[in-house]
Amino acid sequence: MKAVYIHGFTGSIYSPIVEKFRMYYPELEWCFIEVNQNPDEALPKIRQFLNDNPDVKYLIGSSMGGFYVLCTEFAGRKIVINPLLQAGKVMKYAIGTHKWRGKRTDGATEFTFTLEDAERFNHYTPQDSPQTVCHYTEHDQVLGEWTKEYYPTFFANCKMVPELTGHFLSEEYIQLRLKEAML
């Protein structure tokens, strides 16, 4: 049984946190899809992976990766952690040059995010579904405080979890809370 994790805006499939998925859930075959900040490229890549791997049971994403999960048709369990919503508006604050937080397969160490890149997100609409679970933090230092009021109105199955002490995934969350979202 496969589980897929989609990282966030400056994330990497080689960041130390992704190994925690394997450590705490060795019964699953973990797949990490390297994406970029362009939904026109990232979403087809995710769809193709799912088409090539029909045995994926869980599609998990955090932040921008959560946005990509919510914009992807998938019949299995979707788990989003502090997902990016209202992306076209929020992503305008990310314009500039950013460093990747881990190694990239193409060797890049940084990227430039433009207004044109931000506006691409306006062409996609994230969707909730009965198989979607959203976990979020009380104080999101990246997306802002508005999320704790907005998420419960957007998602039918939504929960604030104390193991998320900020926007980014923690080992404690993966160890203690991810399993409940999988059920």
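In what follows, the structure referred to is the one given above.
Quick look at the structure, then. (Residues numbered from 1 in each chain as written. Predicted model: local features only at pLDDT ≥ 70, side-chain atom pairs only at ≥ 80, totals over all residues. Heavy atoms only, no water.)

1. Quick word on the environment of lysine 45
For step 1, the next point in the chain: Position of lysine 45 among the secondary structure elements: in helix α2 (residues 39-52).
For step 2, the next point in the chain: Note: C-alpha distance between lysine 45 and proline 26 (19 residues apart in sequence) is 25 Å.
For step 3, the next point in the chain: When neighbours within four sequence positions are excluded, lysine 45 is seen to be in contact with Ile33 and Glu34. (Helix = DSSP H or I, 4+ residues; strand = E, 2+ residues; numbered from the N terminus. Contact = heavy atoms within 4.5 Å.)

2. Let's talk about the nonpolar core
For step 1, the next point in the chain: The biggest cluster of nonpolar side chains holds 36 residues, and the ones touching the most others in it are Ile6, Tyr68, Leu84, Met91 and Phe121.
For step 2, the next point in the chain: When residues of this core are traced back to their parent elements, those giving at least two are β1 (2-6), β2 (29-33), α2, β3 (56-62), α3 (64-70), α4 (87-90), β6 (110-113) and β7 (132-136).
For step 3, the next point in the chain: The element best represented in this core is α3, accounting for 5 residues.
For step 4, the next point in the chain: Those residues in contact with phenylalanine 121, other than ones at most four positions away along the chain, are Gln37, Pro39, Met64, Phe67, Tyr68, Leu84, Ala87, Gly88, Met91 and Phe113. (Core = buried A, V, L, I, M, F, W, Y, C linked by side-chain atoms within 4.5 Å. Buried < 20%, exposed > 50% of the residue type's maximum accessible area, 1.4 Å probe, protein only.)

3. Describing the pairing of β2
For step 1, the next point in the chain: β2 sits mainly inside the fold: 4 of its 5 residues count as buried.
For step 2, the next point in the chain: Relative to β2, β1 runs parallel, the two sharing 5 bridges. Among the inter-strand pairings, alanine 3 is bridged to a residue of β2, identified as tryptophan 30.
For step 3, the next point in the chain: In this region the chain leaves β1, passes through helix α1 (residues 16-24) and returns to the parallel neighbour β2; the handedness of that crossover is right-handed. (Pairing = 2+ DSSP bridges. Right-handed = clockwise from strand over helix to strand, strands pointing away.)

4. Section: the packing of aromatic side chains
For step 1, the next point in the chain: According to the stated counting rule, one finds 16 aromatic pairs in the structure shown.
For step 2, the next point in the chain: Judged by centre distance (4.3 Å) and plane angle (35°), the ring pair of tryptophan 100 and phenylalanine 111 falls under tilted. Residue tryptophan 100 is found in the loop between β5 (96-99) and β6, and its partner phenylalanine 111 is found in strand β6; the two are separated by 11 residues along the sequence.
For step 3, the next point in the chain: Judged by relative accessible area, tryptophan 100 falls into the buried class, the value being 11%.
For step 4, the next point in the chain: Residue class for phenylalanine 111 comes out buried when judged on its relative accessible area of 8%.
For step 5, the next point in the chain: Put simply, the rings of Tyr136, Trp146, Tyr150, Tyr151, Phe154 and Phe155 pair up and form one aromatic cluster.
For step 6, the next point in the chain: The side chain of lysine 103 reaches across the aromatic face of tyrosine 14, ending 4.4 Å from its centre.
For step 7, the next point in the chain: Of note, arginine 104 hangs over the ring of tryptophan 100, and the distance from its end group to the ring centre comes to 3.6 Å. (Phe/Tyr/Trp six-rings, centres within 6.5 Å; stacked < 30°, edge-to-face > 60°. Lys NZ or Arg CZ within 6 Å of the ring centre and 35° of its normal.)

5. Brief notes about the environment of threonine 125
For step 1, the next point in the chain: Mapped onto the elements, threonine 125 comes out in the loop between α5 (115-120) and β7.
For step 2, the next point in the chain: Filtering out sequence-adjacent residues up to four positions away, threonine 125 remains in contact with Leu70 and Cys71.

6. Points about α1
For step 1, the next point in the chain: Within the sequence span of α1, burial applies to Ile17, Val18 and Phe21. Each buried residue of α1 sits inside an arc of 110° when the element is viewed along its axis, so together they form one side. (Arc of directions from axis to C-beta.)

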